[in-house]
Amino acid sequence: MTTPLAQAMSEAALGLLHALTPGQHAAATGPFNTPDHREWTYYSGPRAGLALADMSAHQRDLALALLDTGCSAAGAKTARAIIELDAITRGAAEEGHYWIRVLGSPHPRNPWAWRINGHHLAVHTTVVGALISSTPLFFGAKPAHITHGPHAGLRTLHREEDMARALLHTFDGTQRDTAIIGLPPEDIITRADPLADPTKVPIGLSYAGMSSTQQEQLRDLVSLYLGRAPQPVADRAWQDAHDHDLTAATFAWAGSDQPGQGHYYAVRAPTFLLEYDNTQQGANHIHSVWRSFRGDWGADLLAQHFEAHHRRSNS
């Protein structure tokens, strides 16, 4: 069983792999159960996989086409903007400091995964039959706002900043006292942990403690993060959140509520966590991530798959 999205991913992955030389193919692939499957980072530096810098222009186009299948249209636009921003910052002629890796065989009969990972971008996709997981999903930007030069005025991830601050500014004194939890951390709290621990993250103001308008603003902020993924993935995540009580979500803010000053926020819910931090380089360096407590690395999908497979093999 497959779906148009899973089929498109498979075709895009196979198209890229078929265009690679044997050496490139070896670098870009690995077994699905590779021991480092859950190792990742959003810092600069080399990764396992094949670098875009080591590809021809045609091969890079195919790699970015695979990236597009793992994001919504808006998410793909932002992901490509992050890659372009890194090239602008480095003064590089090509957008090559990103690595692609395909784990397992891109075929609907078996689980497989792929990732594009580099500085400030980490897209991790797991495909299990017709279902797809898109987390951990990390977007970052440095600088988040270019203030001089030919790209002056360019802002990356501005909605993540502006929407959360707009929500904070609607809180009354009592709500602010609950939502604002002190000084911001120097980075997202979960960092690149293989599994996100929600107990590390502050709670803040509850969904139930917000007005209906504020609740809608919080849902819009959550939708912005989930909407980085393809629509079927975002829809399933939303349904999962509602099924496990989205009203139990909380919003916490740390640091200044003024632009240009260091700040952090987190949205913590029973099934997911959103984290955002902008404290480095004069509060002009954003890190943001969507983590799923049950679905990172496709864990929930794999559990369902192996349970069904086990039942069939023993029936």
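Owing to the predicted nature of the structure, the values given are computational and were not obtained by experimental measurement.

## Digging into the overall build of the chain
Next, step 1: The helix and strand inventory of the chain stands at 10 helices and 12 strands.
Next, step 2: Taking 2.2 N^0.38 as the reference for a compact globule, 315 residues should give roughly 20 Å; the C-alpha atoms of the chain span a radius of gyration of 20 Å, in line with that estimate.
Next, step 3: Principal-axis analysis of the C-alpha atoms gives the chain an extent of 60 × 60 × 30 Å.
Next, step 4: Out of the 315 residues in the chain, the part that is buried amounts to 50%.
Next, step 5: Partitioning the intrachain contacts of the chain with sequence separation of at least 6 by distance along the chain shows that 66% fall at a separation of at least 24.
Next, step 6: When the accessible surface of the chain is summed, it comes to about 13500 Å², and 55% of that surface belongs to carbon and sulfur atoms.
Next, step 7: Across the chain, the 24 positively charged side chains and the 31 negatively charged ones have centroids separated by 4 Å.

## Here's the deal with the pairing of strand S9 (residues 250-255)
The side chains of a regular strand alternate, residue by residue, between the two faces of the sheet.
Next, step 1: In terms of residue burial, S9 counts as a mostly covered element, since five of its six residues are buried.
Next, step 2: The pairing of strand S8 (residues 205-206) with S9 spans two bridges and is classified as antiparallel. The residue bridging Leu205 from the neighbouring strand is Phe251, located in S9.
Next, step 3: Relative to strand S10 (residues 263-268), S9 runs antiparallel, the two being bridged by six bridges. Among the inter-strand pairings, Thr250 is bridged to a residue of S10, identified as Arg268.

## Brief notes about the packing of aromatic side chains
Next, step 1: Applying the stated criterion across every chain yields a total of eight aromatic pairs.
Next, step 2: For the ring pair Tyr42 and Tyr43, a centre distance of 4.8 Å and an interplane angle of 45° mean the geometry is tilted.
Next, step 3: According to the relative accessible area criterion, Tyr43 is partly exposed, its value standing at 40%.
Next, step 4: Between Tyr265 and Tyr276, the aromatic rings sit 4.6 Å apart at their centres with planes inclined by 10°, giving stacked as the arrangement. Note that Tyr265 is positioned in strand S10 and Tyr276 in strand S11 (residues 272-278), a separation of 11 residues in sequence.

## Re the pattern of salt bridges
Next, step 1: A complete count under the given rule lists 14 salt bridges for this structure.
Next, step 2: Here Arg176 makes a salt bridge to Asp257, at a shortest N to O gap of 3.1 Å. Separated by 81 residues along the polypeptide, Arg176 in helix H6 (residues 173-179) and Asp257 in the loop between S9 and S10 bring together distant segments of the chain.
Next, step 3: We classify Arg176 as partly exposed; its relative accessible area is 25%.
Next, step 4: The salt bridge partner of Glu186 is Arg191, with a shortest N-O separation of 3.2 Å.
Next, step 5: Judged by relative accessible area, Glu186 falls into the exposed class, the value being 58%.
Next, step 6: Taken together, the salt bridges that share partners define one network made up of Arg155, Glu161, Asp162 and Arg165.

## Overview of helix H1 (residues 4-18)
Next, step 1: The terminal C-alpha atoms of H1, which comprises 15 residues, lie 21 Å apart, in line with the 21 Å expected from a rise of 1.5 Å per residue.
Next, step 2: Where H1 is concerned, the buried positions are Leu5, Ala6, Met9, Ser10, Ala12, Ala13, Leu16 and Leu17. Relative to the axis of H1, the buried residues are bounded by an arc of 165° and lie together on one face. Within H1, the exposed residues directed more than 90 degrees away from the buried face are Pro4, Glu11 and His18.

## Remarks on helix H4 (residues 73-90)
Next, step 1: Over its 18 residues, H4 extends 26 Å from the first C-alpha to the last, a length consistent with the 26 Å expected when each residue adds 1.5 Å.
Next, step 2: Inspection of H4 places Gly75, Ala76, Ala79, Ile82, Ile83, Leu85, Asp86 and Ala87 among the buried residues, and these make up the whole buried set.
Next, step 3: One or two residues past the end of H4 sits Gly91, with phi positive at roughly 70°.

## Describing the nonpolar core
Next, step 1: One finds Leu121, Leu226, Phe251 and Phe272 to be the most contacted residues of the largest nonpolar core, which totals 70 residues.
Next, step 2: Among the elements that take part in this core, H1 stands out by supplying seven residues, more than any other.
Next, step 3: Judged by nonpolar contacts, the second largest core, of seven residues, contains Tyr42, Phe138, Ile188 and Trp297.

Cut-offs and rules
- Residues numbered from 1 in each chain as written.
- Predicted model: local features only at pLDDT ≥ 70, side-chain atom pairs only at ≥ 80, totals over all residues.
- Heavy atoms only, no water.
- Helix = DSSP H or I, 4+ residues; strand = E, 2+ residues; numbered from the N terminus.
- Rg over C-alpha atoms; globule rule 2.2 N^0.38 Å.
- Buried < 20%, exposed > 50% of the residue type's maximum accessible area, 1.4 Å probe, protein only.
- Contact = heavy atoms within 4.5 Å.
- Areas by Shrake-Rupley, 256 points an atom, 1.4 Å probe, with all protein chains shown as cover.
- Lys, Arg positive; Asp, Glu negative; His and termini not counted.
- Charge placed at Lys NZ, Arg CZ, Asp CG, Glu CD.
- Pairing = 2+ DSSP bridges.
- Phe/Tyr/Trp six-rings, centres within 6.5 Å; stacked < 30°, edge-to-face > 60°.
- Salt bridge = Lys/Arg side-chain N within 4 Å of Asp/Glu carboxyl O.
- Expected span 1.5 Å × (residues − 1).
- Arc of directions from axis to C-beta.
- Core = buried A, V, L, I, M, F, W, Y, C linked by side-chain atoms within 4.5 Å.

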